[in-house]
Amino acid sequence: MARSSHKVTVSTDAEGHTAGWAETDLAPVSAPDPTAAAFFDVDNTMMQGASIYWFARGLASRNYFTTADLARFAWQQLRFRLLAREHAGDMSLAKEAALAFVEGWRVDDVERLAEEIFDEMMAPRIWAGTHQLAQRHLDAGQRVWLVSAAPVEIGRVIAARLGLTGAIGTVAEVVDGAYTGRLVGDLMHGPAKAEAVTQLAAVEGLDLTRCAAYSDSANDLPLLSTVGRAVAVNPDGTLLRQARQHGWEVRDFRTGRRAVRIAVPSTAAAGLVAGAVTAGLALQRRRRAG
C-alpha cells in the first residue's frame, strides 16, 4: 500500500543556518490567530525521556539490533558524547554520527516505524499537562510546533499523533527517497532552535513577541529568550534558576522534584542506545548483504 508523501520545507538564512519544517494534515482552526504560535521541545518537555531512546527500543523489539550489539558498541556513543561536550564549538563529529543509523532507509519506512513505535511506546509517556498546554494554544487559534533534534520527518509523525500543527527538526539528506546518513545544515540543538524559529516566524508572518516557547533544558535558553513568553517545563536545575531570575513561568508535571529519572531513560542512556542503533543497523545491513 502506498503511503502519502509529506513535504518538508527547507530554509537557509543569510548566515547559512538550515531549518526543516513539516506540517501535519490538520484542518485549519475556525478562528485563527495568525501572528501567534507556540513552540514545544520534545524530550522531557512533551514526553518523558528521549524520543530517540523510545524509537531505539521499538527498533530493538523488532530485532533490528541485539543486546550484544548494545554491549559492543555503546561505549563508542559514550565516547562521542564526551568529546562533543568537551568541544562544544566543533559539531563535525556530532553531524557525522547523528543520522548514521538511518543510512539507506526509505523515508516512508522510517515514518511507518515512527508511527508504530509512537503508538506502542511514546504515547503512554506523553506528559498530559504539557499536552494540555499545547491544546490551549490550539483552542486560541494559534499554531503549535514541536522543535526537536530528531529528523524532521519523525518530528512530524509525533506532531500529527498529538494533533499539533507540525514540527521543526534536523534535516536529513534524502536521495531518491532514502536517507544518505548525512545532515543538511546543523543539528537542531541549542542556538539552532532559536534560529529555526526565527526563520519560520519570518516565513509565516509570526510576531515572536506574541509567541511562547516551552522547554525543560538550559540548552534551550536561546529559544526561550527569542519569544515573548518563556515557560520552563520540568526544568533542570540551571533552567530553573534562570526562570526564577527572569520571572518566567514554571510548570512541573513530575511526581516529585527529584523524580524525573524514575522510569525515564537518562540522556546518557538515550545516547548509548542511539549508538547501539547505529551499530546494530549497520550489522543488520551487512548480514542482509552477506
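Look above for the structure.
None of these values were measured; they are calculated from a predicted model.

Draft legend 1. Local environment of the packing of helix α1 (residues 51–61) against helix α4 (residues 107–122). Interhelical geometry of α1 versus α4 gives an angle of 100 degrees and a closest axis separation of 9 Å. Overall, the two elements α1 and α4 adopt an arrangement that is roughly perpendicular. Between α1 and α4, the residues in contact are S51, W54, F55, R57, G58, L59 and S61 and V110, L113, A114, I117, M121 and M122, respectively. Taken together, the residues of the contact of α1 with α4 break down into 9 nonpolar, 3 polar and 1 charged.

Draft legend 2. Looking closely at the packing of α4 against helix α6 (residues 152–162). Between α4 and α6, the least distance of the axes is 9 Å, while the angle of their chain directions is 45 degrees. Looking at the two axes, α4 sits oblique to α6. The chirality of how α4 crosses α6 is right-handed. Residue-level contacts link V107, V110, E111, A114, E115, F118, D119 and M122 of α4 to E153, I154, R156, V157, I158, R161 and L162 of α6. Looking at side-chain class alone, the contact of α4 with α6 contains 9 nonpolar, no polar and 6 charged residues.

Draft legend 3. Representation of the nonpolar core within the structure. Counting 40 residues, the largest nonpolar core has F40, F55, L146 and L164 as its most contacted members. Sorting the residues of this core by element identifies β3 (37–41), α1, α4, α5 (128–139), β4 (143–151), α6, β8 (212–215) and β9 (229–233) as the ones contributing at least two each. Sorting elements by how many residues they give to this core places α4 first, with 8 residues. For F40, the residues in contact, after removing those within four places along its chain, are M46, T130, L133, A134, H137, V144, W145, L146, V147 and Y214. One finds M188, A196, C211 and V227 within the second-largest nonpolar core, a separate group that totals 26 residues.

Draft legend 4. Broad picture of the pattern of salt bridges. Under the criterion given, the structure shown has 14 salt bridges. Between E116 and R62 there is a salt bridge whose closest N-O contact spans 3.2 Å. Residue E116 is located in helix α4, and its partner R62 is located in the loop between α1 and α2 (67–86); the two are separated by 54 residues in the primary sequence. Across the pair R112 and D109 runs a salt bridge, and its minimum N-O distance is 3.9 Å. Pair noted here: R112 and D109 are both in helix α4, with a separation of 3 residues, about one helical turn. In the salt-bridge network here, residues are joined through shared partners; they are R62, D109, R112, E116 and E120.

The rules behind each value
For every chain, the first residue of its written sequence is number 1, and the numbers climb from 1 along that sequence. This being a predicted model, a pLDDT of at least 70 is required before a residue's local features are given, and a value of 80 or more before pairs of side-chain atoms are given or counted; all residues contribute to the totals for chains, interfaces and linings. Hydrogens are left out, water is left out, and the side-chain values use all remaining heavy atoms of the structure. To get an axis, a line is fitted to the C-alpha atoms, and for a helix only the part in contact is used. The angle between two axes follows their N-to-C directions and goes from 0 to 180 degrees. Per the convention used, a helix needs a DSSP run of H or I reaching at least four residues, while a strand needs a run of E reaching at least two, with both numbered from the N terminus. For this classification, under 35 degrees means roughly parallel, over 145 means roughly antiparallel, 65 to 115 means roughly perpendicular, and everything else is oblique. What makes two residues a contact is simply this: any of their non-hydrogen atoms within 4.5 Å. All residues other than Ala, Val, Leu, Ile, Met, Phe, Trp, Tyr, Cys, Pro, Asp, Glu, Lys and Arg, Gly among them, are scored as polar; the first ten of these are nonpolar and the last four charged. Take the far helix as the reference: if the near one is turned anticlockwise from it by less than a right angle, the crossing is left-handed, and if turned clockwise, right-handed. We define the nonpolar core as a collection of buried residues of types Ala, Val, Leu, Ile, Met, Phe, Trp, Tyr and Cys that are connected through side-chain atoms lying within 4.5 Å of one another. The buried label applies to any residue whose accessible area, calculated with a 1.4 Å probe on protein chains only, is under 20% of its type's maximum; exposed applies above 50%, and partly exposed to all values in between. A side-chain nitrogen of Lys or Arg and a carboxyl oxygen of Asp or Glu constitute a salt bridge if their distance falls within 4 Å.

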